[in-house]
Amino acid sequence: MDKSKLSGAILICGMCLGCGASDGKIKVYPVSGKVLVKGQPAAGARVVFYPTVDEIDGKKLPTPGGEADESGEYRLESYTSKDGAPAGDYKVGITWLAPPPPNATGIFDQKDRLAGRFSNPQSSKRTAHIEKGGAEVPPFELQ
């Protein structure tokens, strides 16, 4: 077998082995919601759901997150784009970064428009419960 065919066979085998990696994943369900600030959509707000337990059946829980669109709506993702979140209880952290100033050199130059009041899930007091099958979370209305 020439080297190019051997490389192709190794690549295919590696891809097949990678398929079994999903065994360590916990089932997720579609989850969406909205972020509103003073009644208006918080486009670009980042919502992160922190599980209240570390694992289920010996499998580590992901920390799902999503970003609000122009209407303030977000869809959570755990493993792939907008795939959802595992069923369970969560503490929720929310940040809403302002656009970077003209001379910004990176994300650290951006300010949280919410002044960090909701970014820490322990102090924000925001929670959510996800049922098997998915959920539309009630809007997070921030002041």
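The structure reproduced in this document is the subject of the present report. This one's a predicted model, so the numbers in the text were calculated from it and none came from an experiment.

Remarks on the pairing of strand S8 (residues 88–95)
In step 1: Bridge analysis of strand S3 (residues 46–51) against S8 gives six bridges, and the strand direction is antiparallel. Bridging across to S8, Tyr50 finds its partner in Lys91.
In step 2: For S8 and strand S9 (residues 126–130), the ladder comprises five bridges, and the chain directions are antiparallel. Counterpart to Tyr90 in the pairing with S9 is Ala128.

Describing the nonpolar core
In step 1: Counting residues in hydrophobic clusters, the biggest one holds 22 residues, and the most contacted among them are Val35, Val47, Phe49, Tyr74, Ile94, Val137 and Phe140.
In step 2: Put simply, the parts of the chain that give this core at least two residues each are strand S1 (31–37), S3, S8, S9 and strand S11 (140–142).
In step 3: Those residues in contact with Phe140 that sit more than four places away from it in its chain are Lys34, Val35, Leu36, Val47, Phe49, Tyr74, Val92, Ile94, Arg126 and Thr127.

So, the pattern of salt bridges
In step 1: Across all of its chains, the model carries one salt bridge by this definition.
In step 2: A salt bridge links Glu73 to Arg75, with the nearest nitrogen and oxygen atoms 3.1 Å apart.
In step 3: Overall, the relative accessible area of 25% leaves Glu73 in the partly exposed class.

What about the environment of Gly66?
In step 1: On the secondary structure map, Gly66 appears in strand S6 (residues 65–67).
In step 2: Judged by relative accessible area, which is 3%, Gly66 ranks as buried.
In step 3: On a C-alpha basis, the gap between Gly66 and Ile94 in space is 9.9 Å, while along the polypeptide they are 28 residues apart.

Details of unusual backbone geometry
In step 1: Not every positive phi belongs to a glycine, and Asp57 is a case in point at roughly 50°.
In step 2: You can see Asp57 is positioned in the loop between strand S4 (55–56) and strand S5 (59–60).
In step 3: Judged by its relative accessible area of 75%, Asp57 is exposed.
In step 4: A positive phi angle, near 55°, is found at Lys82, a position not held by glycine.
In step 5: Within the fold, Lys82 resides in the loop between strand S7 (73–75) and S8.

Notes on the pairing of S3
In step 1: Inspection of the sheet shows S3 paired to S6 by three bridges, in the antiparallel sense. Paired with Val48 across the strands is Gly65, a residue of S6.

Focus: the side chain of Asp83
In step 1: Within the element layout of this structure, Asp83 appears in the loop between S7 and S8.
In step 2: One buried charge, Asp83, has no salt-bridge partner; the nearest side chain with opposite charge is Lys25, at 6.7 Å.
In step 3: Separated by 3.1 Å, the side chain of Asp83 and the backbone nitrogen of Thr80 make a polar contact.
In step 4: Every residue in contact with Asp83, bar those within four places of it in the chain, is listed here: Val28, Tyr29, Pro30, Leu76, Glu77 and Ser78.

Conventions used here
- Residues numbered from 1 in each chain as written.
- Predicted model: local features only at pLDDT ≥ 70, side-chain atom pairs only at ≥ 80, totals over all residues.
- Heavy atoms only, no water.
- Pairing = 2+ DSSP bridges.
- Helix = DSSP H or I, 4+ residues; strand = E, 2+ residues; numbered from the N terminus.
- Core = buried A, V, L, I, M, F, W, Y, C linked by side-chain atoms within 4.5 Å.
- Buried < 20%, exposed > 50% of the residue type's maximum accessible area, 1.4 Å probe, protein only.
- Contact = heavy atoms within 4.5 Å.
- Salt bridge = Lys/Arg side-chain N within 4 Å of Asp/Glu carboxyl O.
- Lys, Arg positive; Asp, Glu negative; His and termini not counted.
- Polar contact = N/O pair within 3.5 Å; in protein donor to acceptor, adjacent residues only side chain to side chain.

Everything listed here is a matter of geometry and, on its own, says nothing about what the molecule does.
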